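Chain residues, written in single-letter form:
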Amino acid sequence: MQHGKYRFIVGFLTVPLGLYALFVIWPFIQSIYYSFTDWTGLSPEFRMIGFGNYERMLEDEVFWKSLQHSLLFAVLLPLVTLGLALFFAFMINVGGRRRRGGPVISGVRGSAFYKIVYFFPQVLSIAIVALLFAFAYNPNSGAINSALRAVGLDGVQPLWLGDPDLALWCVMAVLVWSTVGFFVVLFSAGMASIPADLYEAALLDGAGRATTFFKVTLPLLWDTVQSGWVYMGILALGAESFAVVQIMTTGPGGPDYSTTVMVLYVYQKAFRDGQAAYATTIGVALLVVTLAFAAIVMKLGRRERLEY
Amino acid sequence: MGSTTAENHGAEGVGRRDLIKRSAALGLISVPTMSFLSACASGGGGDEEGKAEAGKKTAKNPLAVNDSAQMEFVLFDGGFGKEYAEDAVKVYEKAFPDATVKFSATQKIQSTLQPRFNQGTPPDLIDNSGAEQMDMGVLVGKDQLADLTPLLDAPSYDDPDKKVRDTLRPGIVEMGQFDGEKVWILYYAYTVYGVWYSQKALDSLDEQYPETWDQMLAVCAKAKKKGMAGWTYAGKYPYYIPFSLYPMIAKVGGREVLDAIDNLEPNAWKHPAVKACFEAYYELQQKGYVLKGTPGLDHIQSQTAWAEGKALFLPNGSWVENESAKVIPADFALTVSAPTGLDSSDKLPFGTIWASGGEPFIVPAKAKNGAGGMEQLRIMLSEASSKNFTGKVKSLTAYNGGTEGITLTPGLQGGVAALEKAGDNVVNPRIQDWYVQLQKERIGVAGLGEMMAGRITPAEAIKKIQGFADEAAKDDSIKHYKHQ
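Residues numbered from 1 in each chain as written. Chains lettered and ligands numbered in written order. Predicted model: local features only at pLDDT ≥ 70, side-chain atom pairs only at ≥ 80, totals over all residues. Heavy atoms only, no water.

Undergrad: Please set out the layout of surface pockets residue by residue, giving values where relevant.
TA: Volume-wise, the second largest pocket comes out at about 1,300 Å³. Contributing to the lining of the second largest pocket are 44 residues, with Arg56(A), Gln275(A), Asp475(B), Ser477(B) and Ile478(B) lying nearest its centre. Those elements that place two or more of their residues in the lining of the second largest pocket are helix H2 (52–59), helix H3 (61–93), helix H11 (262–272) and helix H12 (276–301) of chain A together with helix H6 (136–141), helix H20 (436–452) and helix H21 (458–474) of chain B. Top contributing element to the lining of the second largest pocket by residue count: H2(A), with five residues. Of the residues in the lining of the second largest pocket, the class split is 15 nonpolar, 11 polar and 18 charged. (1 Å grid on protein atoms, 1.4 Å probe; cavity = no way out; pocket = protein on both sides within 12 Å on 5 of 7 lines; lining within 4 Å. Points joined across faces, edges and corners; volume = space filled by probe spheres on them. Helix = DSSP H or I, 4+ residues; strand = E, 2+ residues; numbered from the N terminus. Nonpolar A, V, L, I, M, F, W, Y, C, P; charged D, E, K, R; others polar.)

If you want it as structure tokens, here you go:
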């Protein structure tokens, strides 16, 4: 049965690879091609202009700002979101006080309830979340400033999205809020598959919560954390950051470009300014950033796989 | 985009391996947001082939429309709805019973039509409006639009002795021109920009609308004592401020100042009139006459605060009456005024106002039945269609008149009165449609928005904006225009 094995495999792979090439690889190549033209996106005529778009991009202040913000998103968002999610998941699954007659490891009281509550934001689409928070951030009648007033902090009434120093953080907070629940559930699933006897052994040796977390839970969960990292980074560079910035922020793009991100800039150049070729150029830059991000995470995260 | 989360996280226990696979797939889909663009390019163009033959030119059919050719009409389905256009389509169908009309209304003008322009098969008439408006400068620059001069020179629908162009309101024809005589766009709606307020609120302060800046400050001070802010505006979209600021600049320094700004002339923004007006607005902010928190409000939120009586004045356009209809109280007595000037030494009289066309209709150059598209426009510019529009959507049209015999809403009445008072002193800053990015993002958000939030001074704002304008003037990736 050895002969014909490759034909068999190739037979199965042709269709998916063909689709992949047609819908993924080919658009990539096309985009790179268009980045060397002056295509407007509104007429079929265009001509080659060499590296004109790239030269322009390197001198474009707004591009550098959007790159800076995107990189900040890609670094900070996974860090904060995954950190929080790990903490919550640990408390839900492992961090509870030991109760008489109960199992050796358990979550804090009411952990089943928390698990559901953390997952709630996932049920809402990102557009709804962004809209809700846009209302909450309303400096006049929004929930946040009203709450501040209610506790007597009348003097502290920030402009939130209207303040260039705060706007980007406001946007990040929304992204963290809306994605953390997913990772709590994901990490909970991962923790559930860690054998309880490992924890028992650690407890017998007198390990506290922190030690248990860093010496047992985290190493055994590392694979999940790493893929979560890539996933979150891609969200932060791509669709999710676009949605919140586009829906929530001033302009959109923030007061004084304080919240503009690369995906938003691509969109604005292609669909508002009729400069599709330049937009693809920024898109190519975004592709480079994303690939670099994935490569770095993979490289840094490489560890010996633990079998258990 | 954006919908990815919902489908990925449906089940609680997503396995690790699944996640890796999915994140890889998601990365490949979501990262190159630009790639789907390419799918629509390079369609090639079917230039002259497939165009409808000209019909017979008669008194009833001055544009020689082929009476059996299909006519396709795509409307922006926005604040004005689609009923007015459907009514006009019925008139067309009656005039050409053998022709089929393919009518559709959408909010997604660009997503629907961009591929068709790229393939060279656009519809015959488009209302290119809304958030997904296609950039007019690019469309004109790339020869995608038909010259509407034949329509303008055709006899009008109601009076064969009068050309269509002579039935239009001031500024409509000029607005359709970019550089040269050709008219590319016909703006159907007519928008009055200015300072919108409640006459009732002003009466309760025992005040008239202020004509000089000192009076303005006095009114604001009085309002402040009563716990009411003088002004609010769409803080998240500060490019609403120019609706009253630009005509004020014209009133103080004359039309030339605005023309120089539109032409991106060096130092146009350094004119003393610009400086004086910027300082006047900044004073409102510094004296606390702008509603607290305004820089964080979007247009709807600011309009709501204003309708609730939290602020007196609001720079806006005549659509505000329709857009905020639900929150404006019945006894609000909505009206509009031309912007307040500085003092009696201003170049133009009080009443100088910004009014211009809205709802840009275009006929693509590659349309199969361009004559049909123009005929449809000619029908819409008749008195009956215009009245129908005004009655239904509370807005004026490009047709000069058409308000007799119908009951006007308070805001519309205010708009008509303001136009009458203005007479010839109607200004029409073109920077808004010539250089969209410059006007909205740079001058609006980064310049005026920052100044009105009190984060930069007028001098800094002017320096910044002049820098943006100089950059735009040098940028050869955008097309430049000049006032004729």
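Undergrad: Describe the pattern of salt bridges, naming the residues involved and giving the relevant values.
TA: Per the stated rule, a full pass over the model turns up 24 salt bridges over all chains. A salt bridge links Asp273(A) to Arg272(A), with the shortest nitrogen-to-oxygen separation between them at 2.8 Å. Overall, the relative accessible area of 7% leaves Asp273(A) in the buried class. For the salt bridge of Asp153(B) with Lys163(B), the shortest nitrogen-to-oxygen distance reads 4.0 Å. Here Asp153(B), found in helix H7 (residues 149–153), pairs with Lys163(B), found in the loop between H7 and helix H8 (172–175); they are 10 residues apart in sequence, far enough to count as distant. With a relative accessible area of 34%, Asp153(B) lands in the partly exposed category. (Salt bridge = Lys/Arg side-chain N within 4 Å of Asp/Glu carboxyl O. Buried < 20%, exposed > 50% of the residue type's maximum accessible area, 1.4 Å probe, protein only.)

Undergrad: Describe unusual backbone geometry, listing the residues and the values that go with them.
TA: Residue and element names in this part refer to chain A. Phi is positive for Trp 160, which is not a glycine, with a value near 50°. In this structure, Trp 160 sits in the loop between helix H6 (143–150) and helix H7 (167–192). Residues other than glycine seldom take positive phi values, yet Asp 256 does so here, at roughly 55°. Topologically, Asp 256 is positioned in the loop between helix H10 (239–248) and H11. Residue Asp 256 is classed as partly exposed on the basis of its relative accessible area, which comes to 23%.

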